[in-house]
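# Residue-level structural notes
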Amino acid sequence: DVYLSNLLSCYYDLRLGARYEQFLVHSLLPDAFPTSSYCSSNTPYFTCYVSLCNDLLNASYFPTTGYAYGIEAAYTISSQKRSNGAFFTIQGYASSAFALGNTTTIQPSLHLRWMFGDAIPFVYGNVMGGYLAGRYLRQQIPFMGFIGYEFMYRQLTVAGIGVRQLLFSDVYLSLIANYGSSVDKLERIFNTQGVWGMSLGLTYNTTIGPLSAYGYWNDRFHRLGAYLSVGYDF
């Protein structure tokens, strides 16, 4: 991966780059991904991309004001002449924080990743789950309700809203609700039932980073789950 960054100013990170990737896939579970959206391929791929992001939130973990956003456009082609695989990807996010008084904060967010092409390898396919973007795969979009991640269709959009309440010194109660829409054709985005997910958790802001315990639920599997986290994300 080779890129140039900070091309605009210290406030906006504009990046131009190119990367070469090859994935060695030995076996597939038939139900692991939407077979109508993606294909299986070990062909090396070459990607050119441009991205722009800006983060003006006043804190990384418990912001009370500000906003952040980012967008990336990428064009990927196969490096082998016998393969006609080529596809275009646009991925973006936006989030903000609004303080209601001294103890309550509202945080809306929006993530999307839309893919266009005829032969998209499943290793580049859309995945959704967890609370941290890019946790297991670069293209992973967070979704409170799935502890790991699930393969989704080519056009994936996730909208969410969180409410965080300061209970007492360095202890927060958080409620997050999000909705994921996953379709194979963009015109169906408002005509297809998506997935709801929710989480409720406590966080204690310690000197070594946040100590969090969450319970979560989604309407795809209709079961509860739990998640524990200690320390900073990096």
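Let me sum up the structure you'll find in this document. Owing to the predicted nature of the structure, the values given are computational and were not obtained by experimental measurement.

### What to know about the environment of Y172
Turning to its location among the elements, Y172 is positioned in strand β11 (residues 171–183). Take Y172: its relative accessible area is 14%, and that puts it in the buried class. Ignoring sequence-local partners within four residues, the contact set of Y172 consists of F62, R164, Q165, L166, G201, L202 and T203.

### So, the sheet that holds strand β5 (residues 86–100)
Spatial strand order, β1-β2-β3-β4-β5-β6-β10-β11-β12-β13-β14: eleven strands in an open sheet with antiparallel pairing. Because the sheet does not close on itself, it has two edges, and the strands there are β1 (2–4) and β14 (224–230). Ignoring strand direction, the axes of neighbouring strands in this sheet form an average angle of 15°. Pairing between strand β3 (residues 45–55) and strand β4 (residues 65–78): eleven bridges, direction antiparallel. Its bridge partner lying in β4, V50 is registered against A73.

### Observations regarding the pattern of salt bridges
As enumerated under the stated definition, the model contains four salt bridges in all. In this structure, R19 and E72 form a salt bridge, with 3.7 Å as the shortest nitrogen-oxygen distance. Placement of R19 in strand β2 (residues 13–21) and of E72 in strand β4 is noted, with a sequence separation of 53 residues between them. E72 gets classed as partly exposed once you look at its relative accessible area, which sits at 24%.

The rules behind each value
- All residue numbers refer to positions counted from 1 along the written sequence of the respective chain.
- Local features are withheld for residues below a pLDDT of 70 in this predicted model, meaning they are given only at 70 or higher, and side-chain atom pairs are given and counted only at 80 or more; totals for whole chains, interfaces and linings count all residues.
- To obtain the side-chain values, all non-hydrogen atoms of the structure were used and water was disregarded.
- Counting from the N terminus, the helices are the DSSP runs of H or I reaching at least four residues and the strands are the DSSP runs of E reaching at least two.
- Residue burial is assigned from relative accessible area. The probe radius is 1.4 Å, only protein chains are included, and a residue is buried under 20% of its type maximum, exposed over 50%, and partly exposed in between.
- Between two residues, a contact is recorded if the distance between any of their heavy atoms is within 4.5 Å.
- Criterion used throughout: strands pair if DSSP finds at least two bridges between them.
- The axes are straight lines fitted to the C-alpha atoms, using for helices just the contacting stretch, and the angles between their N-to-C directions are given from 0 to 180°.
- The salt bridge definition used is simple: a Lys or Arg side-chain nitrogen within 4 Å of an Asp or Glu carboxyl oxygen.

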